[in-house]
Amino acid sequence: MATEHFSTRYQDLDTWPSLDVLSAFLEGQLSAVAAVRPALPAIASAAEEAVPRLRRGGRLVYAGAGTSGRIGVQDGTELPPTFNWPDDRIVYLIAGGEGAIMQAVENAEDSVEEGIAGICDNNIGPDDVVIGVAASGRTPFTIAALKEASARGAQTIGISNNPDTPLLEVCSHPILADTGEEVVAGSTRMKAGTAQKVILNLLSTLIMVRMDRVYRGLMVNMRATNAKLRRRSEIMVMQITDCDEATATDAILEAGGDLKTAVLIAMGASPADAQGALERHDGNLRKALADLPRTS
């Protein structure tokens, strides 16, 4: 596994000046991001298949161990506030359980039984999208989870940093970011972890775009849970509708805080007509705006 290789280039790293060490680290981070580009077609394909499953009520499931599992949790927990993705439609399968998010659990990643149990206990089925992440591509827990999910008809996406690994073979959508050897040999929290984070960012955000939770590059499904975000909501309504601040504020209040409904209200629709237009078009604001009669 290239991620485990020792590089003679860095064998005296601990004797280098600090700036030189940091330069080597940064060089590795940049190469990790570059390694994602060849995977873009695979990421796009995985997202496109995920959307119809999720529209039927499916869940996003993140499976992994150690660093990879924690990166999955980080990605998933950002979806509800950013895109108002339902909290009950995200599942985390972490080797060693929730406690392993904060503290390493010895031998947890080797448990095939735990990987299978996580899929079974959560009743994973055909509408679910299971994302398994493992730098090595050989983690028994994650491979077992993907195998069981595939057997149940779920979409399975595997993200690995080594080619020709079991993880990429057992899933329906393999995604490889071949980051190679680490500056600190075997420390996949570095280059491999960075590439995994980038891939998950790209994948989940593209899914949210295709789920109509972004309009004109704006987070129109955002949860406005603090003063900063409430102000951002007002600004977005003004940007989209070209209305004044008072109109935007009133529309948001009338819409009960729902930004898409507020946009339509600011364009002259009643709350009922606004909600009806969004329902007719499955929450697609662009289509709802085109469908809504304008007031003079």
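Structure shown above.
Bear in mind the structure is a predicted one, so any value in this text is a computation, not a measurement. (Residues numbered from 1 in each chain as written. Predicted model: local features only at pLDDT ≥ 70, side-chain atom pairs only at ≥ 80, totals over all residues. Heavy atoms only, no water.)

S.K.: Quick one: what's the story with the pairing of strand S1 (residues 60–64), residue by residue and with numbers?
M.R.: Judged by how many residues are buried, S1 sits mostly within the fold: five of five residues are covered. Burial along S1 is two-sided: the residues Leu-60, Tyr-62 and Gly-64 and Val-61 and Ala-63 are all buried. Strand direction decides the pairing type here: S1 and strand S2 (residues 90–94), joined by five bridges, are parallel. Counterpart to Leu-60 in the pairing with S2 is Ile-90. (Buried < 20%, exposed > 50% of the residue type's maximum accessible area, 1.4 Å probe, protein only. Helix = DSSP H or I, 4+ residues; strand = E, 2+ residues; numbered from the N terminus. Pairing = 2+ DSSP bridges.)

S.K.: Which residues make up the nonpolar core, and what values do they have?
M.R.: With 30 residues, the main nonpolar core has Leu-60, Ile-131 and Ile-207 as its most contacted residues. Where this core is concerned, the elements lending two or more residues are helix H2 (40–55), S1, helix H4 (79–83), strand S3 (129–134), strand S4 (155–160) and helix H8 (191–210). In terms of nonpolar packing, the next biggest core, distinct from the first, is built from 28 residues, Leu-229, Ile-252, Leu-278 and Ala-288 among them. (Core = buried A, V, L, I, M, F, W, Y, C linked by side-chain atoms within 4.5 Å.)

S.K.: Please provide a residue-by-residue account of the environment of Asn-122, values included.
M.R.: Mapping Asn-122 onto the fold places it in the loop between helix H5 (112–121) and S3. In this structure Asn-122 comes out as partly exposed when scored by relative accessible area, which is 27%. In this structure the C-alpha to C-alpha distance between Asn-122 and Met-211, which are 89 residues apart in sequence, comes to 23 Å. Non-local contacts of Asn-122, meaning those with residues more than four positions away in its chain, are made with Arg-59, Val-91 and Leu-93. A polar contact of 2.8 Å, which involves the side chain of Asn-122, links it to the backbone oxygen of Gly-118. (Contact = heavy atoms within 4.5 Å. Polar contact = N/O pair within 3.5 Å; in protein donor to acceptor, adjacent residues only side chain to side chain.)

S.K.: Describe in detail the packing of aromatic side chains, supporting the description with residues and values.
M.R.: Inspection of every chain in the model, using the stated rule, returns two aromatic pairs. Ring geometry for Tyr-10 and Trp-16: centres 6.2 Å apart, planes at 55°, overall tilted. For Tyr-10, a relative accessible area of 11% corresponds to the buried category. Residues Tyr-62 and Tyr-92 carry aromatic rings whose centres are separated by 6.0 Å and whose planes lie at 25° to one another, so their mutual orientation is stacked. Here the residue Tyr-62 occupies a position in strand S1, and Tyr-92 occupies one in strand S2, the gap between them amounting to 30 residues. Residue class for Tyr-62 comes out buried when judged on its relative accessible area of 2%. (Phe/Tyr/Trp six-rings, centres within 6.5 Å; stacked < 30°, edge-to-face > 60°.)

S.K.: Please set out the pattern of salt bridges residue by residue, giving values where relevant.
M.R.: Counting across every chain of the model gives 12 salt bridges. The partner of Lys-197 in a salt bridge is Glu-78, and the shortest N-O contact between them spans 3.6 Å. Of the two residues, Lys-197 sits in helix H8 while Glu-78 sits in the loop between helix H3 (66–77) and H4, which places them 119 residues apart along the sequence. Residue classification places Lys-197 among the buried positions, given a relative accessible area of 17%. Between Asp-291 and Arg-280 there is a salt bridge, with the nearest N and O atoms lying 2.7 Å from each other. With a gap of 11 residues between them, Asp-291 in helix H13 (residues 285–291) and Arg-280 in helix H12 (residues 271–280) connect regions that are remote in the sequence. Exposure remark for Asp-291: the relative accessible area of 33% places this residue in the partly exposed category. Here the salt bridges share partners, and the residues they tie into one network are Arg-231, Glu-234 and Glu-245. (Salt bridge = Lys/Arg side-chain N within 4 Å of Asp/Glu carboxyl O.)

S.K.: Let's hear about the packing of H5 against helix H6 (residues 140–151): which residues, and what values?
M.R.: Taken N-terminus to C-terminus, the directions of H5 and H6 make an angle of 40°; their axes are 7 Å apart at the nearest point. Regarding H5 and H6, the two cross each other, and that crossing is right-handed. Contacts from Val-112, Glu-114, Gly-115, Ile-116, Ile-119 and Cys-120 of H5 reach H6 at Pro-140, Phe-141, Ala-144, Ala-145, Glu-148 and Ala-149. Looking at side-chain class alone, the contact of H5 with H6 contains nine nonpolar, one polar and two charged residues. (Axes fitted to C-alpha atoms, helices over the stretch in contact; angles between N-to-C directions. Left-handed = near helix turned anticlockwise from the far one by under 90°. Nonpolar A, V, L, I, M, F, W, Y, C, P; charged D, E, K, R; others polar.)

S.K.: Summarise the pairing of S3; cite the residues concerned and give the values.
M.R.: The element S3 is largely enclosed, with a buried count of six among its six residues. Burial along S3 is two-sided: the face carrying Val-129, Ile-131 and Val-133 and the face carrying Val-130, Gly-132 and Ala-134 are both buried. The pairing of S3 with S4 spans six bridges and is parallel. By the bridge assignment for S4, Val-130 is matched with Thr-156.

S.K.: Tell me about H12, residues and numbers included.
M.R.: Taken residue by residue, H12 has Ala-274, Gly-276, Ala-277 and Leu-278 as its buried positions. The secondary structure elements touched by the buried residues of H12 are helix H11 (259–266) and H13. With its phi angle positive at about 50°, Asp-282 sits one or two positions after the end of H12.

S.K.: I'd love a proper account of unusual backbone geometry, names of residues and values included.
M.R.: If you check the backbone angles, Asp-164 has positive phi at about 55° while not being a glycine. Its location among the elements puts Asp-164 in the loop between S4 and helix H7 (166–170). Given the relative accessible area of 66%, Asp-164 is considered exposed. Positive phi, normally seen in glycine, also occurs at Arg-216, with a value near 55°. Tracing the chain through its elements places Arg-216 in the loop between H8 and helix H9 (227–241).

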